[in-house]
Amino acid sequence: MFGRVAHRYDLANHLLSANIDRYWRNRTVARLRDVLRRPDARVLDLACGTGDLLIALERDAGRGLLGSDFCHPMLTGAQTKLRRDGLKSVLFESDALALPFPDASLDLITIAFGFRNLANYRAGLIEMRRVLRSGGALAILEFTQPPGKAIAAVYNWYSRRVSPVIGGAISGAPEAYKYLPESVRKFPDAPHLASMMKETGFQRVDWEYLTFGIAALHIGRT
């Protein structure tokens, strides 16, 4: 499904979010600078898609990082953008539930709008915790259900009625944009996700709602 929309993924995202997705990524980068700017920090952007967050992270860090995704066409799009901008991050294909890294070998993992697509959330958290060193961090930027009833009603109407029409017209794959609201509906709410992170070994877990609770940014330390 993601392979079919990869060629128009960026355009659809920017249009459907009215470019608010750029602010979400910038906020994520800003919250992670304490780890990101360590000169020797090993950083992985997981489920990197076409590379927007990875690019923002590399520009802030001033060096090449690591980016991984399960969908090869998404990585192709990311590689094109990295080459165009003269960036140095290295891309590879992998399964987030079985990362090709030894224990305690990374300092920072980010995952933006990909965590809810994992087949097993708890297993994913355990695997990410396994590869993070002491003093590291995991950041999950993800859509969530807004806590306010009025905003939730508007958001659900937009995601169910408007998003599939616009996303389908742009990408030629309306089923992909019907999947979005359904996947968000099934995803744990922000407090529940924070609890899961604590239960799987993350410390000082904090989170914040973004844009009226449409999205949430969770950060757990190791």
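Residues numbered from 1 in each chain as written. Predicted model: local features only at pLDDT ≥ 70, side-chain atom pairs only at ≥ 80, totals over all residues. Heavy atoms only, no water.

(A) A look at helix 7 (residues 121-131). Residues of helix 7 that are buried: Tyr-121, Gly-124, Leu-125, Glu-127, Met-128 and Val-131. Projected down its long axis, helix 7 shows its buried positions confined to an angular sector of 165°, all on one face. Among the structural elements, strand 1 (43-46), strand 4 (106-112), strand 5 (132-143) and helix 10 (190-199) are those in contact with the buried residues of helix 7. (Buried < 20%, exposed > 50% of the residue type's maximum accessible area, 1.4 Å probe, protein only. Helix = DSSP H or I, 4+ residues; strand = E, 2+ residues; numbered from the N terminus. Arc of directions from axis to C-beta. Contact = heavy atoms within 4.5 Å.)

(B) Spotlight on the side chain of Thr-28. Topologically, Thr-28 is positioned in helix 3 (residues 20-31). Setting aside residues no more than four positions away along its own chain, Thr-28 makes contact with Ala-139, Leu-141 and Leu-217.

(C) Structural view of the pairing of strand 2 (residues 66-69). By the alternation rule, side chains of strand 2 split into Leu-66 and Ser-68 and Gly-67 and Asp-69, which are all buried. The pairing of strand 1 with strand 2 spans three bridges and is classified as parallel. Of the residues in strand 2, the one forming a bridge with Leu-46 is Ser-68. In this fold, the crossover linking strand 1 to strand 2 by way of helix 5 (residues 52-61) has right-handed handedness. Where strand 2 meets strand 3 (residues 90-93), four bridges bridge the pair, whose relative direction is parallel. (Pairing = 2+ DSSP bridges. Right-handed = clockwise from strand over helix to strand, strands pointing away.)

(D) Looking closely at the side chain of Thr-222. As for its position among the elements, Thr-222 is in the segment after strand 7 (215-221). From its side chain, Thr-222 meets the backbone oxygen of Arg-133 in a polar contact 2.5 Å long. A distance of 2.8 Å separates a polar side-chain atom of Thr-222 from the backbone nitrogen of Gly-136. The residues contacting Thr-222, other than those within four sequence positions of it, are Arg-129, Leu-132, Arg-133, Ser-134, Gly-135, Gly-136, Ala-137 and Phe-202. (Polar contact = N/O pair within 3.5 Å; in protein donor to acceptor, adjacent residues only side chain to side chain.)

(E) Looking closely at the packing of aromatic side chains. Within the structure shown, the criterion is met by eight aromatic pairs. The interplanar angle of 85° and the centroid separation of 5.9 Å between the aromatic rings of Trp-24 and Phe-143 together place this pair among those described as edge-to-face. With a gap of 119 residues between them, Trp-24 in helix 3 and Phe-143 in strand 5 connect regions that are remote in the sequence. What makes Trp-24 buried here is its relative accessible area of 3%. (Phe/Tyr/Trp six-rings, centres within 6.5 Å; stacked < 30°, edge-to-face > 60°.)

(F) Representation of the layout of surface pockets. Empty space within the second largest pocket amounts to approximately 210 Å³. Lining of the second largest pocket is provided by eleven residues; of these, Arg-22, Arg-25, Asp-52, Ile-55 and Arg-59 occupy positions nearest its centre. At the level of secondary structure, the elements contributing two or more residues to the lining of the second largest pocket comprise helix 3, helix 5 and helix 6 (72-84). Sort the elements by how many residues they give to the lining of the second largest pocket and helix 5 lands first, with four residues. Grouping the constituent residues of the lining of the second largest pocket by class yields two nonpolar, one polar and eight charged. (1 Å grid on protein atoms, 1.4 Å probe; cavity = no way out; pocket = protein on both sides within 12 Å on 5 of 7 lines; lining within 4 Å. Points joined across faces, edges and corners; volume = space filled by probe spheres on them. Nonpolar A, V, L, I, M, F, W, Y, C, P; charged D, E, K, R; others polar.)

(G) Seen up close, unusual backbone geometry. One non-glycine residue, Phe-113, lies in positive phi territory at about 60°. Here Phe-113 shows up in the loop between strand 4 and helix 7. Assessed through its relative accessible area of 15%, Phe-113 is described here as buried. The backbone of Thr-211 shows a phi angle near 50°, a positive value even though the residue is not glycine. Here Thr-211 is to be found in the loop between strand 6 (203-210) and strand 7.

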